[in-house]
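One letter stands for each residue in the lines below.
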Amino acid sequence: MAAARGRPSLTEHRRLQTQLEIAETAAALFADRGYDTTTVEDIASAAGISLRTFYRYCPAKEDALTPLFASSVGQLVDVLTEHPVEEPLSAAIEASFGTAMAERRLEDAARARRLVRILGTVPVLKMRWLAAGREMQERLAPALASRAEAPVDSLEVRLLTTAVLDAFTVTMEHWAWQDEPEELVDLIRRALAFLRLDELRAKPEPSVDK
């Protein structure tokens, strides 16, 4: 029944959870040791799985982080869905940083910043990050469509979705490369205010009969 309503089955949930655990393990190792010096064997050992299990869930080392990207957007989608559409978009987005998962991942800010720097400088990881961005747009667009009061496939919603994701990406890269950065949530707040996303409404104005 759960799967029929669009929710993952128990088997699918376990598969996604295993993928996420591998991704978080890989992220920690990449941040601590560097990408090139971390092997698939290292990731499997740290995750407590066999090499065969690793390759069952990840085609290659560079694919290990993809579930991490997807879960971050999934978390944002969940928060947007839970918050009323009348609430300013920036407030709902900011609330996504207060979830238990977000706080856990950002608890070690230095490690998180190292990982973001690696994502931006290792070509194969950057390619995966950019490729995941397109898939993330497909997941985020429906959550923004109701707030924009426009069809999910409209130009306006597509632009709004891109703006939100780009705001995240650029802000995190800025945060990662500063010697003494501000708190990430404060930078996100600045970025959203600069883009004036709360003022965006894609609902077309009624046509005027002539």
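Residues numbered from 1 in each chain as written. Predicted model: local features only at pLDDT ≥ 70, side-chain atom pairs only at ≥ 80, totals over all residues. Heavy atoms only, no water.

Going by an unreviewed UniProt entry, the protein chain carries the name TetR family transcriptional regulator and comes from Streptomyces piniterrae.

Caption draft 1: Spatial organisation of the environment of Arg-105. Among the secondary structure elements, Arg-105 is positioned in helix α6 (residues 100-106). Separated by 40 residues in sequence, Arg-105 and Leu-65 have C-alpha atoms that sit 13 Å apart. Not counting chain neighbours up to four residues away, the residues in contact with Arg-105 comprise Leu-20, Glu-24, Leu-68, Ser-71, Ser-72 and Ala-112. Engagement of the side chain of Arg-105 in a polar contact is seen with the side chain of Ser-71, the distance being 2.8 Å. (Helix = DSSP H or I, 4+ residues; strand = E, 2+ residues; numbered from the N terminus. Contact = heavy atoms within 4.5 Å. Polar contact = N/O pair within 3.5 Å; in protein donor to acceptor, adjacent residues only side chain to side chain.)

Caption draft 2: Focus on the packing of helix α9 (residues 155-177) against helix α10 (residues 184-195). Viewed as axis vectors pointing N to C, α9 and α10 meet at an angle of 135°, and their least axial separation amounts to 10 Å. It follows that α9 is oblique to α10 by the angle criterion. For the pair α9 and α10, the sense of crossing is right-handed. Mapping the contact onto sequence places Ala-163, Ala-167, Phe-168, Thr-171, Met-172, His-174 and Trp-175 in α9 and Leu-184, Leu-187, Ile-188, Ala-191, Leu-192 and Leu-195 in α10. (Axes fitted to C-alpha atoms, helices over the stretch in contact; angles between N-to-C directions. Parallel < 35°, antiparallel > 145°, perpendicular 65-115°, else oblique. Left-handed = near helix turned anticlockwise from the far one by under 90°.)

Caption draft 3: Structural view of the UniProt feature "domain: HTH tetR-type" (unreviewed entry) in the protein chain. When the UniProt feature table is mapped onto this chain, "domain: HTH tetR-type" (unreviewed entry) is found at residues 16-76. The span residues 16-76 is 72% helical and 0% strand by assignment, and the distance between its end C-alpha atoms comes to 17 Å. (UniProt positions renumbered as here; feature names shortened; annotations may be inferred.)

Caption draft 4: Here's a closer look at helix α8 (residues 123-148). For α8, spanning 26 residues, the distance from its first C-alpha to its last is 35 Å, which sits close to the expected 38 Å at 1.5 Å a residue. The largest bend in α8 comes to about 40°, at Ala-141, with the proline Pro-142 one to four residues further on. All buried positions along α8 are accounted for by Leu-125, Trp-129, Ala-132, Gly-133, Met-136, Leu-140, Ala-141, Ala-143, Leu-144, Ala-145, Arg-147 and Ala-148. Remark: Glu-149 follows α8 within two positions and exhibits a positive phi of approximately 55°. (Expected span 1.5 Å × (residues − 1). Bend = angle between axes of the 7 residues up to and from the residue. Buried < 20%, exposed > 50% of the residue type's maximum accessible area, 1.4 Å probe, protein only.)

Caption draft 5: Spotlight on the nonpolar core. Counting residues in hydrophobic clusters, the biggest one holds 56 residues, and the most contacted among them are Phe-30, Leu-65, Leu-80, Ile-93, Leu-140 and Val-164. Of all the secondary-structure elements, those providing two or more residues to this core are α1 (10-33), α2 (40-47), α4 (66-82), α5 (89-95), α7 (109-121), α8, α9 and α10. With 10 residues, α8 is the single largest residue contributor to this core. When near neighbours in sequence (up to four residues on either side) are disregarded, Leu-65 contacts Ala-23, Ala-26, Ala-27, Phe-30, Leu-115, Leu-119 and Leu-125. (Core = buried A, V, L, I, M, F, W, Y, C linked by side-chain atoms within 4.5 Å.)

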